[in-house]
Amino acid sequence: ERALRLADSAEGNFEITDGIAFVQTEKDAPKGRSLNEISLPEDPEARESEIDGLLVERAARFLGTHTLQFKVPKESVEDMQRSLDEARGKKKKVKKLLLPLLLLLKLKAAALLPLALGALALIAFKALIVGKIALILSAIIALKKLFDKKGEQSYEVVAHPHYSHSSSYDDHHGYARSMDAAQNLAYGAHAQ
């Protein structure tokens, strides 16, 4: 309830600290009902919720009719300007020191770039020479094989045994032997 009474009495400009203040922008703002005109309920919870609603309404009205204003002291502006001037002076000193170093790096890069390009060209030239040598060698081998084979042609005749098939099992066909002959050969030494 004290905050509500304070909000009811808030009019005009309010200085929070040096350079920060709420300035009233609208003079003829509609006023709400004051705390004296409102009958608050006896129930503590209902009374608290009614006061909270009135406080929100008063705060919204206050912020709608006032603006927050910042003023920077003149001494702070002068200090900031002096700091910027000093920073610019240091920046110029740094530039004076770094500029020769950067020029040396640029000169070094300009001197090394042709060397790097020359090394790259040498590697490419070597690859070209190796490729041509490989092409010439493969052409020589192909021509040699072509001319060496032209005059000599040989034919090879391979003899294979001829097999004949007969219908009976006991007949001699090819290299096969009859069962009796095989028995006689195998056990011939035992019979004697």
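Residues numbered from 1 in each chain as written. Predicted model: local features only at pLDDT ≥ 70, side-chain atom pairs only at ≥ 80, totals over all residues. Heavy atoms only, no water.

An unreviewed UniProt entry annotates the protein chain as Osiris 9 originating from Anopheles maculatus.

Enquirer: Please provide a residue-by-residue account of the overall build of the protein chain, values included.
Expert: Counting its secondary structure elements, the protein chain contains four helices and three strands. Burial status across the protein chain gives 7% buried among its 192 residues. Sequence-distant contacts, at least 24 apart, represent 68% of the contacts inside the protein chain between residues at least 6 apart. (Helix = DSSP H or I, 4+ residues; strand = E, 2+ residues; numbered from the N terminus. Buried < 20%, exposed > 50% of the residue type's maximum accessible area, 1.4 Å probe, protein only. Contact = heavy atoms within 4.5 Å.)

Enquirer: Any chance you could break down helix α2 (residues 44-65) for me, citing the residues and the numbers?
Expert: For α2, built from 22 residues, the straight-helix expectation of 32 Å at 1.5 Å per residue is met to within 8% by its first-to-last C-alpha distance of 32 Å. Residues of α2 that are buried include every one of Ile51, Leu54, Arg58, Phe62 and Thr65, and no others. Viewed along the axis of α2, the buried residues span an arc of 75°, placing them on a single side of the element. α2 presents Glu45, Glu48, Val56, Ala60 and Leu63 as exposed residues on the side facing more than 90 degrees away from its buried surface. (Expected span 1.5 Å × (residues − 1). Arc of directions from axis to C-beta.)

Enquirer: Outline the sheet that holds strand β3 (residues 66-70), listing residues and values.
Expert: Hydrogen bonds between backbone atoms are what pair the strands of a sheet, whose relative direction is either parallel or antiparallel. In space, the three strands of this open sheet follow the order β1-β2-β3, with antiparallel pairing throughout. The two strands at the open ends of the sheet, each matched to only one other strand, are β1 (14-17) and β3. Averaged over all neighbouring strand pairs, the angle between strand axes comes to 20°, with direction disregarded. Both β1 and strand β2 (residues 20-24) contribute to a ladder of three bridges, which runs antiparallel. The residue bridging threonine 17 from the neighbouring strand is isoleucine 20, located in β2. (Pairing = 2+ DSSP bridges. Axes fitted to C-alpha atoms, helices over the stretch in contact; angles between N-to-C directions.)

Enquirer: Can you explain a nonpolar patch on the surface? Please cite residues and give values.
Expert: Taken together, the side chains of Phe125, Leu128, Ile129, Ile133, Ile136, Leu137 and Ile140 make up a nonpolar region of the molecular surface, amounting to roughly 670 Å² of accessible area. The residue isoleucine 133 is located in helix α3 (residues 74-151) in this model. Using a relative accessible area of 46% as the deciding quantity, one classes isoleucine 133 as partly exposed. (Patch = residues over 30% accessible without salt bridge, like charges linked within 9 Å, V, L, I, M, F, W, Y side chains within 5 Å. Areas by Shrake-Rupley, 256 points an atom, 1.4 Å probe, with all protein chains shown as cover. Salt bridge = Lys/Arg side-chain N within 4 Å of Asp/Glu carboxyl O.)

Enquirer: Now, about the environment of isoleucine 20: what can you tell me, with residues and values included?
Expert: Within the secondary structure, isoleucine 20 sits in strand β2. Residue isoleucine 20 is classed as partly exposed on the basis of its relative accessible area, which comes to 27%. Put simply, isoleucine 20 and phenylalanine 70 are 50 residues apart on the chain and 4.8 Å apart in space, counted from C-alpha to C-alpha.

Enquirer: Describe the UniProt feature "transmembrane region" (unreviewed entry) in the protein chain, with residues and values.
Expert: In the numbering used here, UniProt assigns the "transmembrane region" (unreviewed entry) feature to residues 97-117 and 123-143. For the annotated span residues 123-143, helix accounts for 100% and strand for 0% of the residues, and the straight-line distance between the end C-alpha atoms is 31 Å. (UniProt positions renumbered as here; feature names shortened; annotations may be inferred.)

Enquirer: Before we move on, can you summarise the pattern of salt bridges with the specific residues and values?
Expert: Using the criterion set out here, one finds one salt bridge in the structure. With its nearest N and O atoms 3.8 Å apart, the salt bridge here joins arginine 58 to glutamate 57. Taking relative accessible area as the criterion, glutamate 57 reaches 41% and is therefore assigned partly exposed.

Enquirer: Outline the confidence of the model for the protein chain, supporting the account with residue identities and numerical values.
Expert: For the protein chain, per-residue confidence averages 76 on the pLDDT scale, and 76% of positions sit at 70 or higher. Within the protein chain, helix α1 (residues 2-9) has the poorest average pLDDT of any element, 72, and α3 the best, 82. (pLDDT = per-residue confidence, 0-100.)

Enquirer: Can you tell me about the pairing of β2, naming the residues and giving the values?
Expert: Here β1 folds back onto β2 in antiparallel fashion, the turn holding two residues, of which glycine 19 has a positive phi close to 95°. Looking at chain direction, β2 and β3 are connected through five bridges and run antiparallel. Looking across to β3, one finds that alanine 21 is bridged to glutamine 69.

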